[in-house]
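What follows is the residue order along each chain.
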Amino acid sequence: GIQVEQSPPDLILQEGANSTLRCNFSDSVNNLQWFHQNPWGQLINLFYIPSGTKQNGRLSATTVATERYSLLYISSSQTTDSGVYFCAVDPFMDSNYQLIWGAGTKLIIKP
Amino acid sequence: KAGVTQTPRYLIKTRGQQVTLSCSPISGHRSVSWYQQTPGQGLQFLFEYFSETQRNKGNFPGRFSGRQFSNSRSEMNVSTLELGDSALYLCASSPGTGANVLTFGAGSRLTVL
């Protein structure tokens, strides 16, 4: 089945820094989503981005479907950005309607 | 509109007991998925229900079961609890057709003693 790999696994930054998180997938996908899980466990859907670029405030995401990767950019990091970032893909040839998840990138923003 | 509501938020059980968790999806959403997340782990898919039918199932023992009602609300049940069942149980809803965009509830944190 399709493999989803996220890098780096851990990232520690000072407040105000910029960061780039990467999600690689091994086969064609119908769509890709980025999620943020805060320290209390709440998962928030950040982007639904099967291809192209989207921006929402300090966050933006780019998916290059032909090269099978997606990037999540966080600019001017704030402590509230801390948490785990997951990407999840919907496999192109899989009709089971089940997302395949990466292991996540744990981001810590220090004040 | 209201988000995904999970109840209870926290609960403590002892080994051998059983537990039922509830999830009310976003109005109009027909699909409910359940995930288990243990400390430091990613999300493990349990099952997905669409229009009262289990459409997908993850690799969990038969002690884990679920159901969906005609109003799309879903429950999951874990019988004969084990210490390893201690986890955050997350429910997500989606329209169920077309784009599979998930919206998660706040989770139910289960501790088994």
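In what follows, the accompanying structure is described.

**Quick look at the overall build of chain B**
Part 1 of the reasoning: Scanning chain B for helices and strands turns up zero helices and 11 strands.
Part 2 of the reasoning: Ordered by position in the sequence, the α and β elements of chain B form the string β-β-β-β-β-β-β-β-β-β-β.
Part 3 of the reasoning: Against the 2.2 N^0.38 benchmark of 13 Å for 113 residues, chain B shows a C-alpha radius of gyration of 13 Å, consistent with a compact globule.
Part 4 of the reasoning: Structurally, chain B occupies a C-alpha span of about 40 × 25 × 25 Å along its principal axes.
Part 5 of the reasoning: When the 113 residues of chain B are sorted by exposure, 50% land in the buried category.
Part 6 of the reasoning: Counted over contacts in chain B with a minimum sequence separation of 6, partners at least 24 positions apart contribute 53%.
Part 7 of the reasoning: Carbon together with sulfur atoms contributes 49% to the accessible area of chain B, which is approximately 5100 Å² in total.
Part 8 of the reasoning: When the 11 basic and 5 acidic side-chain charges of chain B are each reduced to a single mean position, those positions are 5 Å apart.

**A word on the environment of A:Phe35**
Part 1 of the reasoning: Tracing the backbone through its elements, the reader meets A:Phe35 in strand E4 (residues 29–37).
Part 2 of the reasoning: Judged by relative accessible area, which is 0%, A:Phe35 ranks as buried.
Part 3 of the reasoning: When the C-alpha atoms of A:Phe35 and A:Cys87 are compared, they prove to be 6.2 Å apart, with 52 residues separating the residues in sequence.
Part 4 of the reasoning: Beyond its immediate stretch of four places on either side in the chain, A:Phe35 contacts A:Leu43, A:Ile44, A:Asn45, A:Leu46, A:Val84, A:Tyr85, A:Phe86, A:Ala88, A:Trp101, B:Leu102 and B:Phe104.

Rules and cut-offs
- Residues numbered from 1 in each chain as written.
- Chains lettered and ligands numbered in written order.
- Predicted model: local features only at pLDDT ≥ 70, side-chain atom pairs only at ≥ 80, totals over all residues.
- Heavy atoms only, no water.
- Helix = DSSP H or I, 4+ residues; strand = E, 2+ residues; numbered from the N terminus.
- Rg over C-alpha atoms; globule rule 2.2 N^0.38 Å.
- Buried < 20%, exposed > 50% of the residue type's maximum accessible area, 1.4 Å probe, protein only.
- Contact = heavy atoms within 4.5 Å.
- Areas by Shrake-Rupley, 256 points an atom, 1.4 Å probe, with all protein chains shown as cover.
- Lys, Arg positive; Asp, Glu negative; His and termini not counted.
- Charge placed at Lys NZ, Arg CZ, Asp CG, Glu CD.

Treat this as a map of the structure, not an account of what it does.
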